[in-house]
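Below are the chains, spelled out letter by letter.
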Amino acid sequence: MKQSKKLAYLALCLALSILAVACVKQPLPEAETPPAILYINRCSICHPAYHPQVHNYTGWNNVVTRMEKQADDKGIKPFLSEDEKTVILSYLKKNARKGF
């Protein structure tokens, strides 16, 4: 029983440590480039632009699709042109978290 409590405590400490590190605001990569500026300007209409490593590319692709729908539901039309979407997704893909 003591061993399982120790493991649970260690798991909790690890989870809290990871959360603390993840919450530290990191500057966006290439923040002064046109793709980053476009990402910041378009996505911060409703919320702060998240660091690209929050998701992998597949995750970002899903998020952008979901955000387009939410913007449309809120009457923000057009939220992104096809060119803007391509530029933003390229920026996110280049800087996204690798792997899962």
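That block above? That's the structure.
First, a word on scope: everything that follows refers to the structure included in this document. (Residues numbered from 1 in each chain as written. Predicted model: local features only at pLDDT ≥ 70, side-chain atom pairs only at ≥ 80, totals over all residues. Heavy atoms only, no water.)

This brings us to the side chain of Lys85. As for its position among the elements, Lys85 is in helix α4 (residues 82-95). Lys85 gets classed as buried once you look at its relative accessible area, which sits at 17%. Not counting the four nearest positions on each side in its chain, Lys85 is found in contact with Val64, Thr65, Glu68 and Leu80. (Helix = DSSP H or I, 4+ residues; strand = E, 2+ residues; numbered from the N terminus. Buried < 20%, exposed > 50% of the residue type's maximum accessible area, 1.4 Å probe, protein only. Contact = heavy atoms within 4.5 Å.)

For helix α3 (residues 57-73), built from 17 residues, the straight-helix expectation of 24 Å at 1.5 Å per residue is met to within 8% by its first-to-last C-alpha distance of 24 Å. Turning to α3, its buried residues are Gly59, Trp60, Val63, Val64, Met67, Glu68 and Ala71. Those residues of α3 that are buried lie in contact with α2 (34-43) and α4. For α3, the capping residue at the N-terminal end is Asn56, with a side-chain oxygen 3.2 Å from the backbone nitrogen of Thr58. Taken from the residues just after α3, Gly75 is the one with a positive phi, measuring 85 degrees. (Expected span 1.5 Å × (residues − 1). Polar contact = N/O pair within 3.5 Å; in protein donor to acceptor, adjacent residues only side chain to side chain.)

What follows deals with the environment of Cys46. Within the fold, Cys46 resides in the loop between α2 and α3. Cys46 gets classed as partly exposed once you look at its relative accessible area, which sits at 45%. Measuring from C-alpha to C-alpha, the distance between Cys46 and Met67 comes to 9.5 Å, with 21 residues separating the pair along the chain. What Cys46 contacts, discounting residues up to four positions off in sequence, is Lys74 and Ile76.

All told, the structure shown has five salt bridges when counted by the stated rule. In this structure, Lys85 and Glu68 form a salt bridge, with 2.9 Å as the shortest nitrogen-oxygen distance. Placement of Lys85 in helix α4 and of Glu68 in helix α3 is noted, with a sequence separation of 17 residues between them. Across the pair, Glu68 and Lys85 agree in class, each one buried. For Lys69, the salt bridge identified is with Asp73, shortest N-O distance 3.2 Å. Pair noted here: Lys69 and Asp73 are both in helix α3, with a separation of four residues, about one helical turn. The exposure classification of Lys69 matches that of Asp73, with both residues exposed. (Salt bridge = Lys/Arg side-chain N within 4 Å of Asp/Glu carboxyl O.)

Following Lys77, the chain continues to Pro78 via a peptide bond in cis, the omega torsion being -20 degrees. As for its placement among the helices and strands, Pro78 is situated in the loop between α3 and α4. You will see that Glu30, though not glycine, has its phi angle at about 55 degrees, which is positive. Within the fold, Glu30 resides in the loop between α1 (2-23) and α2.

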